[in-house]
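The residues making up each chain are set out below.
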Amino acid sequence: QADRSVKMARLIRQWWTASDPSLLVQSESRLLSALVKHPFHKPSESSARDKHGGMNLVEFHANDAKPGLVDSRPTVILAHGFGSGLSFFYRNVDDLLNSGKVSRVVCIDWLGMGGSARPPCWQSP
């Protein structure tokens, strides 16, 4: 029984830690392109790492937003809970932007989640 528990723990640990963030981000882009009508902008990987502290984010703009002009309407930032990803909000984006009350929607992945960087965790003593 103990041997089985150890094997199960190894399998879970392997499943949980083995991932390729670039594949996740590609899948996320395909999902958002297919399910959200408003086009989105993703900062480049180097920009995300440098300017956003390694956080993965996607920005959507209202269709009536004028490039280069300041819009007085607010920006809505959607941040998911533990174990999720920014694509979780795909059903909300079009409704928010079509309301006319919002100029843009920014969806983010917390560090360690989705396509964001996975900084090393500290070990307890």
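Residues numbered from 1 in each chain as written. Predicted model: local features only at pLDDT ≥ 70, side-chain atom pairs only at ≥ 80, totals over all residues. Heavy atoms only, no water.

Our next topic: the overall build of the protein chain. When its secondary structure is counted, the protein chain shows 4 helices and 4 strands. Seen in sequence order, the protein chain has helices and strands lined up from the N terminus as α-α-β-α-β-β-α-β. Looking at the protein chain residue by residue over its 125 residues, the buried ones come to 28%. Residue pairs in contact within the protein chain that sit at least 24 positions apart in sequence constitute 66% of those at least 6 positions apart. (Helix = DSSP H or I, 4+ residues; strand = E, 2+ residues; numbered from the N terminus. Buried < 20%, exposed > 50% of the residue type's maximum accessible area, 1.4 Å probe, protein only. Contact = heavy atoms within 4.5 Å.)

Let us now look at the pattern of salt bridges. Summed over all chains, the structure comprises 4 salt bridges. With a closest N to O distance of 3.0 Å, E28 and K42 form a salt bridge. On the criterion of sequence distance, the pair formed by E28 in helix α2 (residues 21–35) and K42 in the loop between β1 (40–41) and α3 (45–51) is long-range, its members being 14 residues apart. Accessibility expressed as a relative area gives 7% for E28, which makes it buried. Residues R73 and D71 are paired through a salt bridge, measuring 2.7 Å at the closest nitrogen-oxygen approach. (Salt bridge = Lys/Arg side-chain N within 4 Å of Asp/Glu carboxyl O.)

Here we come to the pairing of strand β4 (residues 104–108). With 4 of 5 residues buried, β4 lies mostly within the body of the structure. Two strands pair when backbone bridges link them, and strand β2 (residues 57–61) and β4 are joined in this way by 5 bridges, in the antiparallel orientation. By the bridge assignment for β4, F60 is matched with V105. When strand β3 (residues 75–79) meets β4, the two strands line up parallel, connected through 5 bridges. From the neighbouring strand, V76 faces β4, where its bridge partner is V105. Between the parallel pair β3 and β4, the chain is carried across by helix α4 (residues 90–98), and the sense of this crossover is right-handed. (Pairing = 2+ DSSP bridges. Right-handed = clockwise from strand over helix to strand, strands pointing away.)

What follows covers the packing of aromatic side chains. Within a pair of aromatic rings, the relevant descriptors are the distance that separates the centres and the angle that separates the planes. For the structure shown, the criterion picks out 2 aromatic pairs. Consider the rings of F40 and F60, whose centres lie 5.8 Å apart with planes at 55°: the pair is tilted. On the criterion of sequence distance, the pair formed by F40 in strand β1 and F60 in strand β2 is long-range, its members being 20 residues apart. The class of F60 is buried, set by a relative accessible area of 0%. Ring geometry for F88 and F89: centres 5.5 Å apart, planes at 85°, overall edge-to-face. (Phe/Tyr/Trp six-rings, centres within 6.5 Å; stacked < 30°, edge-to-face > 60°.)

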